[in-house]
Amino acid sequence: MAYPVILKRLSQHIPVLRRIINERDTLRVERAQLASKLLELTDERDHLQALLQNLSKGNTHSGYCHCCRQNTFFQITGTWLRDEYLCLHCRSIPRQRHLQHILDTRFVGWENLTIHESSPSNDFVARWCQQYSASQYFDGVKSGEWVNGVHCENLECLSFNDNSIDIFITQDVFEHVFHPELAVREIHRVLKPGGAHVFTVPKLSTAERSEPRARLSAGGIDYLKEASYHGNPVGDGKALVTWDYGADFERLIDAWSGLSTSTYAEVNRAIGVDGEFREVFVSRKPL
Ligand SMILES: [Zn+2]
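To keep things clear, this report deals only with the structure shown in the data block.

About the thresholds
Residues numbered from 1 in each chain as written. Predicted model: local features only at pLDDT ≥ 70, side-chain atom pairs only at ≥ 80, totals over all residues. Helix = DSSP H or I, 4+ residues; strand = E, 2+ residues; numbered from the N terminus. Rg over C-alpha atoms; globule rule 2.2 N^0.38 Å. Buried ≥ 20, exposed ≤ 12 C-beta atoms within 10 Å, placed from the backbone. Contact = placed C-beta atoms within 7 Å. Axes fitted to C-alpha atoms, helices over the stretch in contact; angles between N-to-C directions. Parallel < 35°, antiparallel > 145°, perpendicular 65-115°, else oblique. Left-handed = near helix turned anticlockwise from the far one by under 90°. Nonpolar A, V, L, I, M, F, W, Y, C, P; charged D, E, K, R; others polar. Pairing = 2+ DSSP bridges.

## Focus on the overall build of the protein chain
At step 1: Helix and strand counts for the protein chain stand at six helices and 17 strands.
At step 2: The C-alpha atoms of the protein chain give a radius of gyration of 27 Å, which is well past the 19 Å a tight globule of 287 residues would have.
At step 3: Seen along its three principal axes, the alpha-carbon backbone of the protein chain occupies a region of about 90 × 45 × 40 Å.
At step 4: Buried positions account for 28% of the 287 residues belonging to the protein chain.
At step 5: Summarising the internal contacts of the protein chain: among those between residues at least 6 apart in sequence, 58% fall at separations of at least 24.

Written as structure tokens, this is what we have:
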């Protein structure tokens, strides 16, 4: 007979032995819990050591992140801050944090508004908003249709009713639209009076005038400049850049939409906002 079985049987007749065995088992459980806790603390220690190293190098600093809504550390990993200035908690980049900052400060209570976001690549807005919807663009699919559970919308011809959305968000989408003049008109059509289009776009500091890079024609796409692509959360992962926007960007948007666009371009490292293409644009529809 195996030793544990003998011990178990004996303990049924000897109360003091039973208590000792129970005590032993309790200690074993506690030992396992402590070993697990030790692993957690080791991870925590390694994380803090890495953080201290980064802090001593001067490329990491503390601040408040509007994307994950907590005090955090921001890390600069290279000179191109647009992509290399990250929140260590949520991995957001400056333009994303700036857009959330604008929502938090200029649209207080936005979490309860009707918000639509075109082509989101993350859930930074969605995670805080009760009435949030999102869509993606699929070539050849009509607005309002669904493909594999994804709501499709073409910005140039939206399926939404007039005056139905409080805030329409586009983050780095307008440089991929063939007809931005149609897109802004459509967005303003679906906005409620007093609503706003809140958006980011790479506005080139080196360009005076905005120019199309590619045009649609009967034969397909005419490339006016060398084809350039950005990442795309859907399709083949590539989105053709159709426009280079320059210094006249807001004037163009206003001329196309008939509205007035405000530009927010502050540098504020306390909230992790600095670097290239951090601008947030807001076009408001009058009440
Ligand atoms: Zn964050």
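## A word on the packing of helix 5 (residues 180-190) against helix 6 (residues 249-257)
At step 1: One can describe the packing of helix 5 onto helix 6 by two numbers: an axis separation of 8 Å at closest approach and a directional angle of 60 degrees. The orientation of helix 5 with respect to helix 6, classified from their angle, is oblique. Note that helix 5 runs across helix 6; the crossing there is right-handed. Across the interface between the two elements, Pro-180, Glu-181, Val-184, Arg-185 and His-188 of helix 5 pack against Ile-253, Trp-256 and Ser-257 of helix 6.
At step 2: Here the contact of helix 5 with helix 6 is composed, by residue class, of four nonpolar, two polar and two charged.

## Details of the sheet that holds strand 1 (residues 60-65)
At step 1: Read from one edge of the open sheet, three strands run 1-2-3, paired in antiparallel fashion. Two strands in the sheet have a free side with no partner beyond their single neighbour: strand 1 and strand 3 (85-87). Neighbour to neighbour, the strand axes of the sheet diverge by 35 degrees on average, direction disregarded.
At step 2: Here three bridges tie strand 2 (residues 70-76) to strand 3, and the two strands are oriented antiparallel to one another. Within strand 3, the residue paired with Ile-76 across the bridge is Tyr-85.

## Some remarks on the sheet that holds strand 16 (residues 261-264)
Within a beta sheet, neighbouring strands are joined by backbone hydrogen bonds and run either parallel or antiparallel to one another.
At step 1: One open sheet holds the six strands; their spatial order is 5-4-8-9-17-16, and the pairing between them is mixed. Because the sheet does not close on itself, it has two edges, and the strands there are strand 5 (131-135) and strand 16. Pairwise comparison of adjacent strand axes, ignoring direction, gives a mean angle of 20 degrees for this sheet.
At step 2: Where strand 16 and strand 17 (residues 280-284) come together, four bridges link them in antiparallel fashion. Its bridge partner lying in strand 17, Tyr-264 is registered against Val-280.

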